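Architecture at a glance
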Amino acid sequence: MAVFDKCSVLLDLKNLSFKERKSLKLSVTENGGSLCFVVNKQCSFVVVSNVSHLSPNRLRSICKFQTPVVGLDYVHSCLQKGILLPVDDYKLDISSLDASSHILPLCSTEQSPFKDEESRAVVKPSKDKTYPPDKSGSVLGKFRIYTEQDEDIPAYPDDFNVAKYSIFHKNDSGTWCVLELQSAKGQKRQQYRVINYRKNQTIPNDMVTFPSTSEEAVEVYQALTDILLASGLRPWASIPPQDQNLGSYALQQLLLEEKLNTGVLSRDVAVFVELLWTEALGCLGNILKVPVSKLSLNDVRLS
């Protein structure tokens with residue numbers, strides 16, 4: 001019997017080279033195992049090169065299905081001894097991620113397009129208080145609203161997670177908005193940003209804010225949600241096909257994983273899309289490691 005016979009394995013190898021990832025994939029598939037691309041009931045275990053690189057959406061699925069997470073040493077040890085070793089002896093601790101790296105409620109919008117007046121009532125702005133920006137351009141009287149044109153807008157890490165998001169739409173004007181609550185690891189502490197990406201310029205502010213804590217970030221997120229609802233926008237279930245680039249790059253990754261997890265796509269299509277995504281990121285990562293002076297025109301064209 002092959003070492004990984006009847007095992008469905010998910011490989012999360014973001015910081016490995018293409019050659020290293022390919023080698024590990026062959027170690028699984030050539031020894032009876034199969035590769036999966038979403039965490040579900042059929043997934044036997046998840047192999048990670050760095051546990052901190054697990055995305056919020058994937059982490060939620062791991063917690064939901066209680067899927068074991070192991071390091072590369074588990075695969076190598078199984079192959080070395082020629083048997084499938086007990087996974088419990090190699091499980092990585094992800095509890096710290098759940099408690100610190102992903103402090104905010106890791107949930108996406110559960111709102112869907114309105115079908116009747118009863119559903120409208122559920123998402124109306126709070127009646128006891130609303131939070132329009134004051135004359136000084138702030139939210140809740142203490143969080144300044146920046147625009148992308150502001151020269152003094154604070155810097156924010158490119159590597160961040162989307163902890164919460166909502167999609168809004170206004171039928172009569174064709175306006176689409178995506179509100180994101182983003183979280184990133186700073187040099188000294190966790191950093192947060194609440195930003196509104198918009199398609200239509202009739203909305204007065206870009207609404208980019210930088211709360212200091214997770215509690216403040218959630219508070220600002222709700223405040224800006226109330227502002228958008230008060231302006232006539234309504235929650236929507238998904239971004240329209242013609243505006244798939246609306247929102248951050250991190251959100252596009254999250255939405256892709258959520259689509260794969262919902263089972264809307266056939267398994268063959270899901271595997272193909274995930275394979276293209278993984279290979280593209282690997283090739284791009286390898287190209288970016290090369291100094292600019294050594295890049296050829298062919299490298300740029302391939303990327």
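For the structure itself, look to the data block above.
A few points on the structure. Bear in mind the structure is a predicted one, so any value in this text is a computation, not a measurement.

Remarks on the environment of Q66
- Summarising the element assignment, Q66 is placed in the loop between α2 (56-65) and β4 (69-70).
- For the pair formed by Q66 and N40, sequence separation is 26 residues and the distance between their alpha carbons is 9.5 Å.
- Separated by 2.7 Å, the side chain of Q66 and the backbone oxygen of C63 make a polar contact.

A look at the sheet that holds strand β7 (residues 161-170)
- The 4 strands lie next to each other as β9-β8-β7-β10, forming an open sheet whose pairing is antiparallel. Strands at the two margins of the open sheet, each flanked by one partner only, are β9 (190-198) and β10 (234-236). Put simply, the sheet's adjacent strands are angled 25 degrees from each other on average, direction ignored.
- Across 9 bridges, β7 lies against strand β8 (residues 175-185) in antiparallel orientation. Considered in β8, the bridge of H169 is made with W176.
- Its contacts with the sheet place helix α6 (residues 214-230) against β7, β8, β9 and β10, and it is angled at close to 175 degrees to β8.

Some remarks on the pairing of β8
- Most of β8 is tucked away: 10 of the 11 residues are buried.
- Relative to β9, β8 runs antiparallel, the two sharing 9 bridges. Paired with L179 across the two strands is N196, which belongs to β9.

Observations concerning the pattern of salt bridges
- If you walk through the whole model with that rule in mind, you get 3 salt bridges.
- The residue D12 makes a salt bridge to R58 at a minimum N-O spacing of 2.9 Å. Note that D12 is positioned in strand β1 (residues 8-12) and R58 in helix α2, a separation of 46 residues in sequence. Each member of the pair, D12 as well as R58, is classed as buried.
- R144 serves as the salt-bridge partner of D150, at 3.8 Å between the closest nitrogen and oxygen.
- On the basis of relative accessibility, which here comes to 22%, the residue D150 falls in the partly exposed class.
- Overall, R144 belongs to the partly exposed group, its relative accessible area being 35%.
- Sharing partners across several salt bridges, the network here consists of R144, D150 and D152.

Description of the packing of aromatic side chains
- One pass over the full model with this rule turns up 7 aromatic pairs.
- Ring centres of F45 and Y74 lie 5.2 Å apart, and the angle between their planes is 85 degrees; this geometry places the pair in the edge-to-face category. Taken together, the residues span a long stretch of sequence, with F45 in strand β3 (residues 45-48) and Y74 in helix α3 (residues 72-81) at a distance of 29 residues. In terms of burial, F45 and Y74 fall into one category: buried.
- Site record: aromatic cluster; members linked through ring pairs are F4, F45, Y74 and Y90.
- Over the ring of F160 we find R193, and its NZ or CZ is 5.5 Å from the ring centre.

What about the sheet that holds β4?
- The parallel open sheet is built from 4 strands, whose spatial order is β2-β1-β3-β4. At either end of the open sheet lies a strand with only one pairing partner, and these are β2 (34-35) and β4.
- Here 4 bridges tie β1 to β3, and the two strands are oriented parallel to one another. Each residue of the ladder has a partner; that of L11, found in β3, is V47.

Description of unusual backbone geometry
- In the Ramachandran plot, K6 falls in the positive-phi region, its phi being about 65 degrees despite a non-glycine side chain.
- The residue K6 is located in the segment before β1 in this model.
- Classification of K6 by relative accessible area gives exposed; the value is 77%.
- Even without a glycine there, the phi angle at Q66 is positive, about 55 degrees.

Considering the pairing of β7
- The buried count for β7 comes to 8 of 10 residues, which makes it a mostly enclosed element.
- When β7 meets β10, the two strands line up antiparallel, connected through 3 bridges. Bridge pairing in β10 places I167 opposite W236.

Quick word on α6
- Between its first and last C-alpha, α6 extends 24 Å over 17 residues, near the 24 Å set by a 1.5 Å rise per residue.
- For α6, every residue scored as buried is listed here: S214, A217, V220, Y221, A223, L224, T225, D226, I227, L228 and L229.
- Downstream of α6 by a residue or two, G232 has a phi angle that is positive, lying close to 100 degrees.

Observations regarding the environment of Q252
- Residue placement: Q252 occurs in helix α7 (residues 249-262).
- In contact with Q252, other than residues within four places in its own chain, are Q244, N245, L246 and G247.

Analysis parameters
Residues numbered from 1 in each chain as written. Predicted model: local features only at pLDDT ≥ 70, side-chain atom pairs only at ≥ 80, totals over all residues. Heavy atoms only, no water. Helix = DSSP H or I, 4+ residues; strand = E, 2+ residues; numbered from the N terminus. Polar contact = N/O pair within 3.5 Å; in protein donor to acceptor, adjacent residues only side chain to side chain. Pairing = 2+ DSSP bridges. Axes fitted to C-alpha atoms, helices over the stretch in contact; angles between N-to-C directions. Contact = heavy atoms within 4.5 Å. Buried < 20%, exposed > 50% of the residue type's maximum accessible area, 1.4 Å probe, protein only. Salt bridge = Lys/Arg side-chain N within 4 Å of Asp/Glu carboxyl O. Phe/Tyr/Trp six-rings, centres within 6.5 Å; stacked < 30°, edge-to-face > 60°. Lys NZ or Arg CZ within 6 Å of the ring centre and 35° of its normal. Expected span 1.5 Å × (residues − 1).

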